[in-house]
Number of protein chains: 6
Amino acid sequence: MSTAPIKPFKRILLTGAAGGLGKILRERIKPWADIIRLSDISPMGDAQEGEEIVQCDLSNKAAVHELMKDVDVVLHFGGISTENNFEAIMAANIQGTYNIYEAVHLAKVKRVIFASSNHVVGYYKTTDYIDASMPTRPDGMYGISKCFGESLSRYYYDRFGLETVCIRIGSSFPEPINKRMMVTYLSYNDLVELLRCAVFAPRVGHTISFGVSNNPASWWDNRYAAHLGFQAKDSSTVFAHKFPDSSDYPAADDITTIYQGGGFLLTGPQYK
Amino acid sequence: MSTAPIKPFKRILLTGAAGGLGKILRERIKPWADIIRLSDISPMGDAQEGEEIVQCDLSNKAAVHELMKDVDVVLHFGGISTENNFEAIMAANIQGTYNIYEAVHLAKVKRVIFASSNHVVGYYKTTDYIDASMPTRPDGMYGISKCFGESLSRYYYDRFGLETVCIRIGSSFPEPINKRMMVTYLSYNDLVELLRCAVFAPRVGHTISFGVSNNPASWWDNRYAAHLGFQAKDSSTVFAHKFPDSSDYPAADDITTIYQGGGFLLTGPQYK
Amino acid sequence: MSTAPIKPFKRILLTGAAGGLGKILRERIKPWADIIRLSDISPMGDAQEGEEIVQCDLSNKAAVHELMKDVDVVLHFGGISTENNFEAIMAANIQGTYNIYEAVHLAKVKRVIFASSNHVVGYYKTTDYIDASMPTRPDGMYGISKCFGESLSRYYYDRFGLETVCIRIGSSFPEPINKRMMVTYLSYNDLVELLRCAVFAPRVGHTISFGVSNNPASWWDNRYAAHLGFQAKDSSTVFAHKFPDSSDYPAADDITTIYQGGGFLLTGPQYK
Amino acid sequence: MSTAPIKPFKRILLTGAAGGLGKILRERIKPWADIIRLSDISPMGDAQEGEEIVQCDLSNKAAVHELMKDVDVVLHFGGISTENNFEAIMAANIQGTYNIYEAVHLAKVKRVIFASSNHVVGYYKTTDYIDASMPTRPDGMYGISKCFGESLSRYYYDRFGLETVCIRIGSSFPEPINKRMMVTYLSYNDLVELLRCAVFAPRVGHTISFGVSNNPASWWDNRYAAHLGFQAKDSSTVFAHKFPDSSDYPAADDITTIYQGGGFLLTGPQYK
Amino acid sequence: MSTAPIKPFKRILLTGAAGGLGKILRERIKPWADIIRLSDISPMGDAQEGEEIVQCDLSNKAAVHELMKDVDVVLHFGGISTENNFEAIMAANIQGTYNIYEAVHLAKVKRVIFASSNHVVGYYKTTDYIDASMPTRPDGMYGISKCFGESLSRYYYDRFGLETVCIRIGSSFPEPINKRMMVTYLSYNDLVELLRCAVFAPRVGHTISFGVSNNPASWWDNRYAAHLGFQAKDSSTVFAHKFPDSSDYPAADDITTIYQGGGFLLTGPQYK
Amino acid sequence: MSTAPIKPFKRILLTGAAGGLGKILRERIKPWADIIRLSDISPMGDAQEGEEIVQCDLSNKAAVHELMKDVDVVLHFGGISTENNFEAIMAANIQGTYNIYEAVHLAKVKRVIFASSNHVVGYYKTTDYIDASMPTRPDGMYGISKCFGESLSRYYYDRFGLETVCIRIGSSFPEPINKRMMVTYLSYNDLVELLRCAVFAPRVGHTISFGVSNNPASWWDNRYAAHLGFQAKDSSTVFAHKFPDSSDYPAADDITTIYQGGGFLLTGPQYK
């Protein structure tokens, strides 16, 4: 008779579990906790072994407080993850993230991994090389809401010692689908490894890490997250043949290639 | 028969006109425009000559759009200016400031002066010397809402060229009322002069300026606002006799003297 | 019977003595040396007491070597001082400055004051605040020729210990004639005082100093020239009434106000 | 029947094609364009398939303008590549590079790869670690002429959007021939790969990259060229046995080992 | 009947009271405390009203512990203040300062003002402009012993919260006696004012301040001591006539003018 | 008949040869010199071939001068290597290291490798990423004595050109024995390789290098030692299974995990 291995945590909460990355993580983070509590505003199917399912709107404060019960660590991937109208983003990402942190604080959860985004710095140029100490330059309402989350989590750390790792996720998809993503690509394996480092490092304080694989071209210097011990193992190089050398220089005023944020810069709903 | 002098602007909008600083500004900025449009959620008394009064809740998007009609420059001092519960701050300072910027953008107003606050950096230590390029470290929900305003205005400048001067106001009162304010004091004269520089400088892009008089002790380096041409003329030195040399060192763990934010650090309503 | 005071130097060479600033200096620097040797490609009138006149084309190597005989210090204001076609600038400012330095080196002159220009950094923005350690961003052929002079003089210092103070002169005119010059104004008195500091400081190595009065708005940080001891006494403030507060914001794409170089950016002869 | 593969560019111009690196590149860059136009002041032999040969003196403006016809990209390796007398360097590297850029601008060529040199920073110490934002410190007339090229190309980018990658080439030879080159070695393979990155990166603005293989000891930080995506694959380590561990410390005042420029520091023709 | 004014502190300890600066301070700091306890290894004359005299060798641990009884603040000016042989410096300045801090810690004294020296950075060049965050570069055994004191006091702050202001005193004499001191001069009035700021500022943590008047030429940036509120009122300018403009440039290899430490660089006893 | 290979140096002195690292080095550095002179205050057993044994107390000046005779390079690993009472540390590490340098200087030895320690920066946080230009923050008397050694060696380089490589050794043991050492681990192989680089690099000036293997998590940036050419080959990763992922976050006020110095912070003998 075999026994199940002992897992490090009792219960990890994953918000946004029905989203693109949420589905990936649902499968990969099981070894980290006896129970993964999954939450989303959308249906998530049936609970598998070692799972709890809690459908929940993050802008509902009471529901979020309920969600946090007996949780050890939170992976906060919930909310809206693309450009949208401001009120929707405010409800989901501003009120929602505030609700998460208030609940985390009251429940005495010790650490949050916050899915921030490269879009907090999308208005840096593609010829810039930046690090986490430089001012944010968001590229839309979505990016601004992530700036809010970074500010808020900084406060909860400074005020209460509640630790957060903000991960400015690049482009975490099966593979790059355009030239920009050759720079911003974060493989699923590297995403999971970075989360593992963020969850298990003995002390993180308030850390901002760029989530990106070991791609040849790079815009982001991760020096201020060096204590996490993350070492990317994948690279967009293996997809280089899909984007062969080309003479098609972008137009000099093509803002989607001038700035790191790429196509997001044009998606603001207010500018149809 | 004498004629009135020609004023530089046709119409300046001052939000928060019923607030502490709003009342001061109402009297001082008249020479800058033919008409000062005053707005607040509270009553503002009767319109004087050269004034328009528009009572208005900034979280009401339609009202804010109406407010912006024929405005040349906005001095955005509206919203909540002390620590408060999050939902109130979100409505007034986050939704409210978003409404202002959307309205400004659509009305093609060229410049906003945004009343930010030293509380966006209140968790730096009182032995730190900081400048506007360093990461924000807000000291409460109020400070976080001002970080949001700075991020938002950065976006509107990067995306649309809409200029903003964010003024991280220190302590703008008739005089310092505690030792901390000997460092953070901004006289009304210096406040008005800084606003004048911010309003009339030919180009400001997106500038962040600390609003502080020429006090002997200093936490803030204004190098990145040097193009505004602001030169403080007052100093808290004239009040030094009210805070005589003393052996009363604060306790080593007294966070209101460890951090620049001072007493704000303890005012979060959620921690009664 | 009175005797003339003893002057610090025997002979100072001033090139460009027939130019705008040359004429000013001719009158002001007499107390520094028994003899001021004046040189220019244009006529300079008759020699006054304590003067020597040597008309000379700086691109003529032999003439320049002759010019350096028995000279203690060189104030190199010669060459072309506005935008011009490249070949003219190359002859006067590149070949000419090379000739000066070779002659200085061979004649064992110990120090040169080199009239560089703010146009070596003219492509920084008017909202930037820069210092002498930051990369040059010249705004035309004239500025590029001054970058050359700064590089060349750095080499002669690193290689031979020949000291130079490069002065990036702002706008040295009787008074500011546009809003830009309110920032870049260098009064004649301050120019002379800065030159005095540069000539008499006991050790200067290779120093780059911005030449600018104590104007309210500022783009330039002179920290790396602090050892010169220059303290500007004048300010463009006294001319502020000539440029009253105005609502005439420049157009968002007006490059003469976006960049520090101002109108120079449009004067390249190749772009008529 | 097989057909030739389609190549990215129609025509690439390589200046300096008869020089040491020019000969290497002539063989390696053929896959990048249908036609490689080769230019040099010296004879280059017969044109091979896919080549055009144009013998030309770069100081001849008309000839250079002719050279640029129908060119997509320029690899500017022409001019004098070692220390020489100033007038020769001025004609070839200053007038010559100016001619190239004027012709490039008028012909609307979009990008230049400019062969700069580590000798623009040769007067940094061998114990310094520098990056491309730090001031140049050239080690001779050759280095100064390369500083000129970097300034000039910066101007053409700031003014016209004409993109340049300046490559500060280390020591690109078959193998290191002294201890200094163990640090500065750039293998031919890595040179070609770096050029490939510089030519095909979608956007480069004005980039300065150090051209150096992945050698164990290093003086140069390439952070500001990280967007190029260059990853050196070779290392001088494979030649380490040729320079065995030794007790022969250089003399404390041996300037060829104190400074990064090495032996160049003593080659100025004027100091025989 | 008049009563004596209440003084801020009960007892301040001044070590080195028989030294040059000690004698000055003995007269000036009386208003700060009811009793000034004076200590030195040399005789100090009779105690005046409000004084206690304790002759004491700082290398005597027991004596130093005795010295600290009932002390509120320590001004540590004791030890050797010029270059000397190492063992003498070690006894007085290393063992002595250790004894002071151990005694301070055990006696729960809250703050020390430590007389450090500009000689901790004496090997920076006279053309450098430095601040307190840059590495120390001591110019002799005396300077090294002051580096030790700065390290030691940093430790006591990090470990126990014991606050120190290290004052890197320039040249505090009645007036400058050579050209170097025109840069390093600290008037007695400014010294006392700086000490007053250091003693009475509500929170200082571990602060390093350069002690220098408002002289025209400057090597030292006091930004990291800005919270002290010190504003120098004197300047060496009033002595400028004693060091008239001169053509006597120092020799290029004269290390007493190359480096900030001046003549100290040659006084090491071991190099007679 | 075979002949022994010629070794680079005649004689290397290793102090501290009976210590933990001394014993390791004794075996590994033989190929570097004909004779390794071993010194320690404790017995070192019999001399092997190519060894000289000199038992010696470093606080004995005459003995240390004797020790230096005919030495080419010194590896200074002697003294006390853990926290201890101050007087013991002063004798061994302060007087002892001074004796070493005086002897080295008089004997005209050209280079010292000084075993410094990570405990010179032990009061940085475990979430900080630091380099060798940042201020020291020692974590005890041992660390302070190593700060002294770094200051002292800087002086001997600035004053006399005597070269030193200070190696801030992390945790050099057979393997990590706690989580902290997963970050600070320096394998014996990497230690020896780093020493080899430090001994044989042609020029080192005064270099400070962190001694650490290529571990996944990192606190230390070795950019200022890049010219040494050290490339770590080992990593603590191979021991990761001994410190499995765990939910045991340290307490928020556990200073042994807040600060880089770890357990050393609590070992000061004076605070039992």
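Residues numbered from 1 in each chain as written. Chains lettered and ligands numbered in written order. Predicted model: local features only at pLDDT ≥ 70, side-chain atom pairs only at ≥ 80, totals over all residues. Heavy atoms only, no water.

Named according to an unreviewed UniProt entry, chain A is NAD(P)-dependent oxidoreductase originating from Undibacterium nitidum. Recorded in UniProt under Sequence similarities (unreviewed entry), the annotation for chain A is "Belongs to the NAD(P)-dependent epimerase/dehydratase family." (UniProt positions renumbered as here; feature names shortened; annotations may be inferred.)

As annotated in UniProt, the feature "domain: NAD-dependent epimerase/dehydratase" (unreviewed entry) corresponds to residues 12-171 of chain A in the numbering used here. Across residues 12-171 of chain A, helical content stands at 36% and strand content at 23%; the span's end C-alpha atoms are separated by 24 Å. (Helix = DSSP H or I, 4+ residues; strand = E, 2+ residues; numbered from the N terminus.)

For the rest of this paragraph, the subject is the packing of helix 1 (residues 20-28) of chain E against helix 6 (residues 188-200) of chain E. Residue and element names in this part refer to chain E. Close contact between helix 1 and helix 6 brings their axes to 11 Å; oriented N to C, the two are set at 65°. When the axis of helix 1 is compared with that of helix 6, the two are roughly perpendicular. Handedness of the crossing formed by helix 1 with helix 6: right-handed. Of the residues in helix 6, those touching helix 1 at Leu 21, Ile 24, Leu 25 and Arg 28 are Tyr 188, Asn 189, Leu 191, Val 192 and Leu 195. (Axes fitted to C-alpha atoms, helices over the stretch in contact; angles between N-to-C directions. Parallel < 35°, antiparallel > 145°, perpendicular 65-115°, else oblique. Left-handed = near helix turned anticlockwise from the far one by under 90°. Contact = heavy atoms within 4.5 Å.)

After a rotation of 180° and a shift along the axis of 0.0 Å, chain A superposes on chain B with an RMSD of 0.0 Å. Such a combination of rotation and displacement between the chain copies is what one expects of a two-fold axis. The share of interface residues of chain A whose copies in chain B are also at the interface is 100%, consistent with both copies meeting through the same surface. (Least-squares fit on C-alpha atoms with pLDDT ≥ 70 in both.)

Tracing the backbone shows Pro250(F) in the loop between strand 9 (220-221) and helix 7 (255-258). Judged by its relative accessible area of 18%, Pro250(F) falls in the buried class. Sequence separation between Pro250(F) and Tyr98(F) is 152 residues; the distance between their C-alpha atoms is 40 Å. With residues near it in sequence (within four places) discarded, Pro250(F) still touches Pro202(A), Arg203(A) and Thr257(F). (Buried < 20%, exposed > 50% of the residue type's maximum accessible area, 1.4 Å probe, protein only.)

Our next topic: the sheet that holds strand 3 (residues 51-55) of chain A. Residues and elements named next belong to chain A. Reading across the sheet, the seven strands line up as 3-2-1-4-5-7-8 and stay open at both edges, with parallel pairing between neighbours. Lying at the two open borders of the sheet, with one neighbouring strand each, are strand 3 and strand 8 (206-211). Here the average twist between neighbouring strands, direction ignored, is 20°. Most of the contacts of helix 1 (residues 20-28) go to strand 1 (residues 9-15), to which it runs at about 165°, and overall it touches strand 1, strand 2 (33-40), strand 3 and strand 7 (163-169). (Pairing = 2+ DSSP bridges.)

Our focus in this paragraph is the relation of the copies chain D and chain F. Take chain D, turn it by 120°, move it 0.0 Å along the axis, and it overlays chain F with an RMSD of 0.0 Å. The transformation just described matches what one would write down for a three-fold rotation axis. Proximity to the rotation axis, assessed at the C-alpha, singles out Arg223(D) in chain D; its C-alpha lies 7.0 Å from the axis. By residue overlap, the copies meet through two different surfaces: only 5% of the interface positions of chain D are interface positions in chain F.

Okay, the arrangement of the chains next. Left apart from each other, chain A and chain C have a closest C-alpha approach of 13 Å. The closest approach of any C-alpha atom in chain C to one in chain F is 18 Å; the two make no contact.

This next bit is on the interface of chain A and chain B. Listed per partner, the contact involves 34 residues of chain A and 34 residues of chain B. Taken together, both faces of the contact between chain A and chain B bury some 3000 Å²; the carbon and sulfur share is 62%. Inspection of the region where chain A meets chain B yields four salt bridges. Among the salt bridges present, the one from Asp158(B) reaches Arg137(A), with a minimum N-O distance of 2.6 Å. Joining chain A to chain B, the criterion identifies eight residue pairs in polar contact (both at pLDDT 80 or more). Among the secondary structure elements, those contributing two or more residues to the side of chain A that touches chain B are helix 3 (86-106) and helix 4 (141-160) of chain A. (Buried area = accessible area lost by both parts, 1.4 Å probe. Salt bridge = Lys/Arg side-chain N within 4 Å of Asp/Glu carboxyl O. Polar contact = N/O pair within 3.5 Å; in protein donor to acceptor, adjacent residues only side chain to side chain.)

Before going further, it helps to spend a moment on the side chain of Arg154(B). Within the secondary structure, Arg154(B) sits in helix 4 (residues 141-160). The class for Arg154(B) is buried, based on a relative accessible area of 18%. Apart from residues lying up to four places away in sequence, Arg154(B) is in contact with Thr136(A), Arg137(A), Pro138(A) and His206(B).

We now examine the sheet that holds strand 7 (residues 163-169) of chain C. Residue and element names in this part refer to chain C. With respect to topology, seven strands assemble into an open sheet ordered 3-2-1-4-5-7-8, the strand pairing being parallel. Each of the sheet's edge strands pairs with one partner strand only, and the pair in question is strand 3 (51-55) and strand 8 (206-211). Strand-to-strand twist of the sheet, defined as the mean angle between neighbouring strand axes without regard to direction, takes the value 20°. Bridge count for strand 1 (residues 9-15) against strand 2 (residues 33-40) is six bridges, and the pairing is parallel. What sits directly across from Ile 12, in strand 2, is Ile 36. Contacts between helix 3 (residues 86-106) and the sheet are confined to strand 1, strand 4 (73-76), strand 5 (111-117) and strand 7, with strand 5 contributing the most and set at about 165° to the helix.

Our next topic: the interface of chain D and chain F. It is common to report an interface's size as the accessible area lost on association of the parts. Residue-level contacts link 22 residues of chain D with 19 residues of chain F. For the chain D and chain F pair, buried surface summed over both sides reaches about 1700 Å², with 52% attributable to carbon and sulfur atoms. For the pair chain D and chain F, the interface holds two salt bridges. A salt bridge links Arg223(F) to Asp221(D); the shortest N-O distance between them is 3.0 Å. Put simply, chain D and chain F have seven residue pairs in polar contact (both at pLDDT 80 or more) between them. Per-class residue counts for the side of chain D that touches chain F are nine nonpolar, eight polar and five charged. (Nonpolar A, V, L, I, M, F, W, Y, C, P; charged D, E, K, R; others polar.)

Turning our attention to unusual backbone geometry. In this structure, Lys108(C) takes a positive phi of about 60° despite not being glycine. Note that Lys108(C) resides in the loop between helix 3 and strand 5. Lys108(C) sits in the exposed class, given a relative accessible area of 70%. Positive phi outside glycine occurs at Asp70(E), with the angle close to 60°. Classification of Asp70(E) as exposed rests on a relative accessible area of 57%.

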